[in-house]
Structure formats: C-alpha cells, structure tokens
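Residues per chain, in single letters:
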Amino acid sequence: MSNYNEHYIFQAKELLKFITTTSHEAYIVGECLRDLVLDREIKEVEIYSCLSKESLISLFSKEDIVEVLDNAVRVQYLGMTFLISLATEYFFDYKNKVKIKTPRRHYSTSLMDFLENKIYSVNTLAMGSNNIIHDCFTGRQDIYRKKIKMICDNPNLIFKDRPLKMLEAIRLVSELGFKLDDSIYKAIKRSNKALLKVNITDITREMNGIIAGKFAKRGIKLLIKSKLYKRMPLFKTEIKRLYNNYRREDEETFMATSMVKNKEYNERIAMAFNDSKRLEKVVQLALTWPKSNYDVTTLFENSLECLLKANVVNHNLGKAKNKQSQINKLYNHLIIKKYDELAITKKEIISLDNSLSEDTIDEILRDVCNKVLHGKIKNNYESIKEYILKDLEKREAIKKQESLRDNDSYSFSYESIIQNPTFSRQEDNQNNDSTIENKVNEENNQETLFTDNDFEVAEQLAQENVDNENLEININDPYQVAINDFEALKRQQEELDRRVSELETQSLKKELDEEIERKIKQSGLLEGLVGSHRESTYNTLKKVYYDVLVQNERYQRLDNKGDNNGND
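Conventions adopted
- Numbering of residues begins from 1 in every chain and follows the order in which that chain's sequence is written.
- With the structure being a predicted model, the display of local features is reserved for residues of pLDDT at least 70 and the display and counting of side-chain atom pairs for 80 or more, all residues being used for whole-chain, interface and lining totals.
- As a convention, hydrogens and water are excluded, and side-chain values are obtained from all of the structure's heavy atoms.
- Cavity: a set of points on a 1 Å grid over the protein atoms alone where a 1.4 Å probe fits but cannot get out. Pocket: an open set with protein on both sides within 12 Å along at least five of seven lines, its lining residues, like those of a cavity, having an atom within 4 Å of a point.
- Grid points are joined across faces, edges and corners, and a volume is the space filled by probe spheres set on the points.
- What counts as a helix is a DSSP run of H or I of at least four residues, what counts as a strand is a run of E of at least two, and both are numbered from the N terminus.
- Residues are grouped as follows: nonpolar covers Ala, Val, Leu, Ile, Met, Phe, Trp, Tyr, Cys and Pro; charged covers Asp, Glu, Lys and Arg; every other residue, Gly included, is treated as polar.
- For the purposes of these results, a polar contact is taken to be a pair of N or O atoms within 3.5 Å, where, inside protein, one atom must be able to donate a hydrogen and its partner to accept one; residues adjacent in sequence count only when each atom of the pair is a side-chain atom.
- Whether two residues are in contact is decided by their heavy atoms, any of which lying within 4.5 Å being enough.
- Ring pairs shown here join Phe, Tyr and Trp side chains whose ring centres sit within 6.5 Å, with only the six-membered ring taken for Trp; geometry is labelled stacked below 30 degrees between planes, edge-to-face above 60, and tilted in between.
- Take the buried Ala, Val, Leu, Ile, Met, Phe, Trp, Tyr and Cys residues and link them wherever side-chain atoms come within 4.5 Å; each set so joined is a nonpolar core.
- The buried label applies to any residue whose accessible area, calculated with a 1.4 Å probe on protein chains only, is under 20% of its type's maximum; exposed applies above 50%, and partly exposed to all values in between.
- Whether two strands pair comes down to DSSP finding at least two bridges between them.

**Some thoughts on the layout of surface pockets**
To find leftover empty space, a probe the size of one water molecule is rolled over the atoms.
Working step 1: Considering only enclosed or pocket space, the largest pocket measures out at about 2400 Å³ in volume.
Working step 2: Lining the largest pocket we find 50 residues, and of these Leu69, Leu83, Arg171, Arg205 and Glu206 sit closest to its centre.
Working step 3: Counting residues per element, the lining of the largest pocket draws most heavily on helix H9 (residues 200–212), at six residues.
Working step 4: Of the residues contributing to the lining of the largest pocket, the split by class is 18 nonpolar, ten polar and 22 charged.

Here is the structure:
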C-alpha cells in the first residue's frame, strides 16, 4: 500500500468513527477498496452511511460541506475529500426475476441493499473501522481473476432498467484492463438501444472514464464491437476515428473534437467537466481558427494550452496541420503575454483622466495592448502615456462633434427658415409690394380732384384690396411657413420613430426565437426523436417556452402586440 493510500484510508476510518458516534453504521465501500486491493492510487474514498441527508448535513459545518448531490454529500474532513453516499429508496430489487450471488456471511441489511446497487462484483467490497475488508459478493475473487462480472444472472434485465451500466462495464475494462464477462457483452449487444434514453451529461461522464483509462484502446474496441457507439450520435464519429487510428488523447480533447465536428459548443456535455470554461475556449478557438493560423491578438488573449489543444482538435478533424512547435514559437516571441506585463496600469490611466468610466479604461487597455503587440508603440510608460493622451483628445473632439450634430438635428432656427426657397419668393413679393406702395405715395403727393362717386368707387376698391392683402398675408406669412415646415418635420420624426419601433420589435422577436431554440437544445428532449414525433414535440416545446419567456419584462411588449410566434 502506498503512503498516499495508507494516509487516505486512515483519515477515512477516523471519519467512520465520527459518524458512528451518532449510533448509525458507516462503511468504506466501492471503487476505492478495489483500487486498494490492486495497489492503485485511490481517486476518492466513498463512505456509506444510513443517515438521512438532513442529519448528515447537520453533522458537519457549512465550511466542511463541498457539494450536496441527490443521494450523496461530498465533505472535507481532516484535510481530505470524501463522498458520503446515503441509503436511497431505489434498491437493486429484482429478486423475483434474477438470482443474486449468496454472500458468504450475514451483513447489515441496509449495507447489503446498498451494495446490490453496485451491480458489478469488483465494486462490492466494504470495510469497517476495524480495518477488515468484507467480501460481500465474492468481489475479491473476481478482482484476482481480472473479470468484470455481475452479482446477478440476468444482465439483460439490468441494462433495460439501468442502461448507463453498459457504459460503466466498458469503463471498468478501460480503467482496469479486465476481461468483460461474455454474458455482459452479449447483453450489451442486445440492449444497446436503451442507451438512447440516458442523459447526455451522464453518458459524457462515463465516456470521460473510458477515454482516460489506461486501457482505453480496449474500451474503444468494445464500444465498436458491441454497436454501443451507434447509440451515442454526438460521439460516434470520434469513437470510430480512435478505433481506426488509435492515439492516446485526454478526455477534454476528445469532447472538444466531438463538439467542433458538430459545429457547436454543447453546454450539457460541458457539465461533466470541472473546468467547462477552458473547454469552451478550446472549442471556440477551433471553430474560429480551423487552420490554426492564430493572429497576435488571439495568441495574447488565450492560454498556450488552449491554443495547442485547439490545433490538436482541428488536426484530428483533418482541417489543420500539426502546428504545435510553430504555435509555441509564436507564443514565446510575444512582446507581452498578459496585461500585467504592460508598462502602464489602470491606476495610472485613471490619473490621466479621472472622468473615465471602467468600460472606457478597459477599452483603452485593450487598444494599447494591441498596439504594443503589433509593435506600433514601445512598451514603456512615456510612449504609452503619449499615445493615451492623444487618444483622449480624439475622443473629446468626437464627443463635441456628436454633441453639435445632435443640436443641429433638433434645432429649428430663424436662419433656416429664411433660407427656404418659399420664403425667398415671399420676400420678392414683399419687395414688389413696397415698390407699388412708393408709387402710390408719389401719386398722393400730386394735387388731384375727386367726385363723391369717385370716393364711393375708391372705398369699394380699397375694401377689395384689403381683403386680397389679408389673403396674401395668410398664405405668404413667413411665420405660417415656419409652422408648416415644423409640422412637416414633426411628421417625418413620427414616421422615423415608428420605423425604429418596428425594427426594435423585429429584433426582439428574433432574439426571443433564438432564446427559445437555445432552451429547446439545452433541454435535450429532442434527442433520439425522429419524424412526426420529433416535430410534434418540437412545436409543443416551442409554445411552452414562448408562453414562459413572453412573461419576462424584456419580451412583454411582444405579448402586448399580440405576437403569435410561439403558437406557429
């Protein structure tokens, strides 16, 4: 036993003693004991306890609880991490239909029920605090024989009810190098269609174990020979690739290659990884740069590991050459590899202008980094400072221009009115009227005699002229023209606002449609469905997600407008 395993098991027994102080039984169980017998490094110690989840959580402080699962709690105890599994309502209870191996001696009923759910005998060992390993279902014997066997005689029934156990059997072969029992292999070939019902995240976890196993080549061969790979459409092509030309690769590379092959990042697959963000970066890099001809900015913004892995992914798919050494060389020749290496800090940028917002500072930093990386600015404080000050001056000038443009767009000045061609014609008319008036004045200065009849005729003509002048004033009044022009501009603005509103509504509808599609993809409910059943399920999901999302404040305006997109 290695020092690590010995220390891990010692700490686990201390945890057993702590749990048994509550008058409840506890045992070390499962794969950790199998690895202990094989003298393999233990990944994680699993402990069985008949405590309820609430009682178990109350037994530890909040700081000690790492993760709460459906039927288990992962805790930190004495500096080590342990998985404490709980008794569940689901038991391996096929006793009327299958024959279970009779244990050599009597053990706790609850412990037996728990171990029966392990299905494979190599995982049914148990250890109490007395340091004695209990072989409940002849598991030690199967370990020594290097055989993967079941504790029952009807694997078909097991796989029909729990299809993920088919992948678990192959994972055990991949990790341990054991031989798969013939009855299990034949049952997998007969029952492999049942795998279509399993959640893709659970499948991914088992596939990760198969790909990472020391004997992964055997596991891949079993997936092909048993036809099980056909029931995993997202991984089918890459499993065949490894079978035809096996080269060891880590599970992250395998999953990234599968996603790029399917031309999208799959969040449900990523849920099986601790570092899903790194996986996403690798996938996006591979999709964006299929030839792996990264530019300087991309080299700077991503880690070397992600850059190299994205190249491996595209190389696996035949899209790019193996450029590992070239990428290493380019990355090492970068002037700076992270923002901390820049000769100026955020605080120093703020000192140049206290009014800058956080977003503007980040934008300036990115711009400066880009200029330094391309050799347009030297990476020293004075050069960068000079560039930033000039950039700030340009930004200020642009702001002023935009402000003036905004004012010009909405101002309605008297000068703009008098430059109107209609107004110019009115001014000409007024000049003509002035000329006529001058002539009348000149004639009035002359001595002229009028009769009474002439006065009456003159009064009638004068009254008609007044009416005509009033009419002309109403038509040619420059202020009236200004009002008319203003009304026209107002109508134009209203039409523009209406058009903008229509565009915003169309954009919102498109965004809602995309959100509905994303929700449907994430649900995974369409996987394995074909034909009219798939179309019917799709339409139902679309309507349900529409009814839910349209209640969101962002999309309520669509509901008010009577949009029936979700009912199509």
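**Considering the side chain of Glu249**
Working step 1: Looking at the element boundaries, Glu249 is found in the loop between helix H11 (236–244) and helix H12 (251–261).
Working step 2: A polar contact is formed between the side chain of Glu249 and the side chain of Asn316, at a distance of 3.4 Å.
Working step 3: With residues up to four places along the chain from it excluded, the contact list for Glu249 reads Ile211, Arg241, Leu242, Phe254 and Asn316.

**Comments concerning the packing of aromatic side chains**
Working step 1: In total, this model carries nine aromatic pairs according to the counting rule given.
Working step 2: Here the aromatic rings of Trp289 and Tyr294 are separated by 6.2 Å at their centres, their planes lie at 75 degrees, and the arrangement is edge-to-face.
Working step 3: In textbook terms, an aromatic cluster arises when at least three aromatic residues are bridged by ring pairs, as seen for Tyr4, Tyr8 and Phe82.

**What to know about the nonpolar core**
Working step 1: Within the largest apolar cluster, 108 residues are counted, with the highest numbers of intra-cluster contacts made by Met207 and Leu223.
Working step 2: Apart from the residues lying within four places of it in its own chain, the contact partners of Met207 are Leu167, Leu223, Met232, Phe235, Ile239, Phe254 and Met255.

**Digging into the pairing of strand E4 (residues 72–77)**
Working step 1: The element E4 is largely enclosed, with a buried count of five among its six residues.
Working step 2: Both strand E3 (residues 65–68) and E4 contribute to a ladder of three bridges, which runs antiparallel. Note that in E4 the partner of Val68 across the bridge is Val73.
Working step 3: Pairing analysis gives six bridges linking E4 to strand E5 (residues 80–86), with the strands arranged antiparallel.

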